[in-house]
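Residue-level listing of the chains:
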Amino acid sequence: MSKQKQVGPDIVIPIMGPTGAGKSTFINALVGKEVMVVGKTLSSCTDELGFVVLDPAQYPRLKDRIVIVDTPGFDDTYKGDAEILKKIADWLETSYKKNKAVLGGVIYLHDISNDRFTGTARRNLEMFQHLCGQDAFSKVILGTTKWGRTEKAIADAHQKELKELHWKSLAIKGARVLPFLDTRASAWSFVDNLVSNLTRQRLGKVYLQIQRELGDEKKIVPETEAGKELRFTLKEVLEMQQKMADLEKSMAAGGDEQARSQLQEAEEKIQKLAVQIKALKIPLSRRLRRIFGF
């Protein structure tokens, strides 16, 4: 993108969702060229927070740059979820403290061709809600992607289930649902929807929950609602991995070569999970400070 002169604070719109939901594809369609790497496998391509700046001439009444931020999903195959949370939190905290950016809204994408609402999708959605907080739900657009990969009747049924079940609590608080149809016009409809909402609500009145927690309440990441939620879910996954490891251990004792290989893999996952859980542990000094108020 060409460099634009900045008039006011940046209007930031993060793109969130699970790995493979089509975040990079959405941004490429938005700007009309390939600026983000698009994944061809289940592995995540977005291990850093990439961003693009949209032309402010598109919305002259705002006189501000619109910055679209690409974020990794909380199921990334190369980096731990704790590290991803810290990366997103640090970026959001910096934009909040420096007052050089205001939240234009958040776009959350979901692959409509998925037959089931998986545990991974549920975990991403729960983390997303804890990052945003209910006060920001009115600035959220829930986008469905990959409509061309399944029959329309099936995709319609999936979207109906999302609206009436999985996304119901967000919709009640003002979140809107839009389809992304792999076109530039479709991608821009998301931004148009958020920007028109901004002109009514005025800029800078709503921030994400984690921005307030880190910026105003001076919390550290493990103390935030998103941090506590992630630590809880990681503990659940750790318990499942330990049960699997115990099962593989008994099978490996009988000379099963495949069980030995699976046991080694399970033990490696357990070690990684333990490291992430430790990273999300609130230091004793912080806990004492909150208890005794010093």
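These numbers were taken from a predicted model, which means no experiment stands behind them.

Rules behind the numbers
- Residues numbered from 1 in each chain as written.
- Predicted model: local features only at pLDDT ≥ 70, side-chain atom pairs only at ≥ 80, totals over all residues.
- Heavy atoms only, no water.
- Helix = DSSP H or I, 4+ residues; strand = E, 2+ residues; numbered from the N terminus.
- Buried < 20%, exposed > 50% of the residue type's maximum accessible area, 1.4 Å probe, protein only.
- Contact = heavy atoms within 4.5 Å.
- Areas by Shrake-Rupley, 256 points an atom, 1.4 Å probe, with all protein chains shown as cover.
- pLDDT = per-residue confidence, 0-100.
- Patch = residues over 30% accessible without salt bridge, like charges linked within 9 Å, V, L, I, M, F, W, Y side chains within 5 Å.
- Salt bridge = Lys/Arg side-chain N within 4 Å of Asp/Glu carboxyl O.
- Lys, Arg positive; Asp, Glu negative; His and termini not counted.
- Charge placed at Lys NZ, Arg CZ, Asp CG, Glu CD.
- Phe/Tyr/Trp six-rings, centres within 6.5 Å; stacked < 30°, edge-to-face > 60°.
- Expected span 1.5 Å × (residues − 1).
- Arc of directions from axis to C-beta.
- Axes fitted to C-alpha atoms, helices over the stretch in contact; angles between N-to-C directions.
- Parallel < 35°, antiparallel > 145°, perpendicular 65-115°, else oblique.
- Left-handed = near helix turned anticlockwise from the far one by under 90°.
- Nonpolar A, V, L, I, M, F, W, Y, C, P; charged D, E, K, R; others polar.
- Core = buried A, V, L, I, M, F, W, Y, C linked by side-chain atoms within 4.5 Å.

Comments concerning the overall build of the protein chain
(1) Moving on: Across its full length, the protein chain holds 10 helices and seven strands.
(2) Moving on: Every one of the 294 residues in the protein chain was classed for burial, and the buried ones make up 48%.
(3) Moving on: If you take every contact in the protein chain between residues at least 6 apart in sequence, the share linking residues at least 24 apart comes to 76%.
(4) Moving on: When the accessible area of the protein chain is evaluated, it comes to approximately 15,400 Å², of which 52% is carbon and sulfur surface.

Regarding the confidence of the model for the protein chain
Regions with low pLDDT should not have their predicted coordinates read in detail.
(1) Moving on: With 86% of its residues at a pLDDT of 70 or more, the protein chain shows a mean pLDDT of 83.
(2) Moving on: The weakest mean pLDDT in the protein chain belongs to helix 10 (residues 284-292) at 73; the strongest belongs to strand 6 (residues 140-145) at 97.

Focus: unusual backbone geometry
(1) Moving on: Positive phi, close to 65°, is recorded for aspartate 182, a residue that is not glycine.
(2) Moving on: Its place among the elements puts aspartate 182 in the loop between strand 7 (176-179) and helix 6 (184-201).

So, a positive patch on the surface
(1) Moving on: Where like charges cluster on the molecular surface, the positive patch consists of Lys235, Lys278, Lys281 and Arg287.
(2) Moving on: Summarising the element assignment, lysine 281 is placed in the loop between helix 9 (257-279) and helix 10.

Some remarks on the packing of aromatic side chains
(1) Moving on: Here the structure, examined in full by the defined rule, presents three aromatic pairs.
(2) Moving on: Seen in terms of ring centroids, phenylalanine 26 and phenylalanine 180 are 5.1 Å apart; in terms of plane orientation they differ by 70°. Their pairing is edge-to-face. You can see phenylalanine 26 sitting in helix 1 (residues 23-31) and its partner phenylalanine 180 sitting in the loop between strand 7 and helix 6, a full 154 residues away along the chain. Each member of the pair, phenylalanine 26 as well as phenylalanine 180, carries the same accessibility label: buried.
(3) Moving on: Aromatic side chains tyrosine 108 and phenylalanine 128 sit 4.6 Å apart centroid to centroid with 40° between the ring planes, which places their arrangement in the tilted category. You can see tyrosine 108 sitting in strand 5 (residues 106-111) and its partner phenylalanine 128 sitting in helix 3 (residues 119-132), a full 20 residues away along the chain.
(4) Moving on: Classification of tyrosine 108 as buried rests on a relative accessible area of 2%.
(5) Moving on: Clustering of aromatic rings is evident, with ring pairs tying together Phe26, Phe180 and Phe190.

Overview of helix 4 (residues 152-166)
(1) Moving on: For helix 4, which comprises 15 residues, the first-to-last C-alpha distance of 20 Å matches the rise-based estimate of 21 Å (1.5 Å per residue) to within 8%.
(2) Moving on: For helix 4, the complete set of buried residues consists of Ala155, His158, Gln159, Leu162 and His166. Mapping the buried residues of helix 4 onto a view down its axis gives an arc of 95°, with all of them on the same face. Exposed and oriented more than 90 degrees from the buried face of helix 4 are Ala153 and Leu165.
(3) Moving on: Turning to helix 4, the residues buried within the fold contact strand 5, helix 3, strand 6, helix 5 (168-172) and strand 7.

Structural notes on the packing of helix 8 (residues 225-252) against helix 9
In a pair of packed helices, the angle between the axes and the distance between the axes together describe the arrangement.
(1) Moving on: Relative orientation of the contacting elements helix 8 and helix 9 amounts to 155°, with a least axis distance of 9 Å. As summarised for this structure, helix 8 and helix 9 are arranged roughly antiparallel, according to the angle between their axes. In the packing of helix 8 onto helix 9, the handedness of the crossing is left-handed. The residues of helix 9 that touch helix 8, namely those facing Arg231, Leu234, Lys235, Val237, Leu238, Gln241, Gln242, Ala245, Glu248, Lys249, Met251 and Ala252, are Ala259, Arg260, Gln262, Leu263, Ala266, Glu267, Lys269, Ile270, Leu273, Gln276 and Ile277.
(2) Moving on: Looking at the contact of helix 8 with helix 9 residue by residue, the class counts come to 12 nonpolar, four polar and seven charged.

Here we look at the nonpolar core
Nonpolar side chains tend toward joint burial in soluble globular proteins.
(1) Moving on: One finds Leu85, Val106, Phe128, Cys132, Leu142 and Ile210 to be the most contacted residues of the largest nonpolar core, which totals 53 residues.
(2) Moving on: Contact partners of isoleucine 210, with chain neighbours within four places excluded, come to Leu85, Ala89, Leu92, Leu131, Thr224 and Ala226.
(3) Moving on: Within the second largest apolar cluster, 29 residues are counted, among which are Ile13, Ile27, Leu178 and Trp188.

Points about the packing of helix 3 against helix 8
(1) Moving on: Close contact between helix 3 and helix 8 brings their axes to 8 Å; oriented N to C, the two are set at 155°. As the angle between them shows, helix 3 and helix 8 are arranged roughly antiparallel. Relative to helix 8, helix 3 is oriented so that their crossing is right-handed. On helix 8, the residues that touch Arg123, Glu126, Met127, His130 and Leu131 of helix 3 are Glu225, Ala226, Glu229, Leu230, Thr233 and Leu234.

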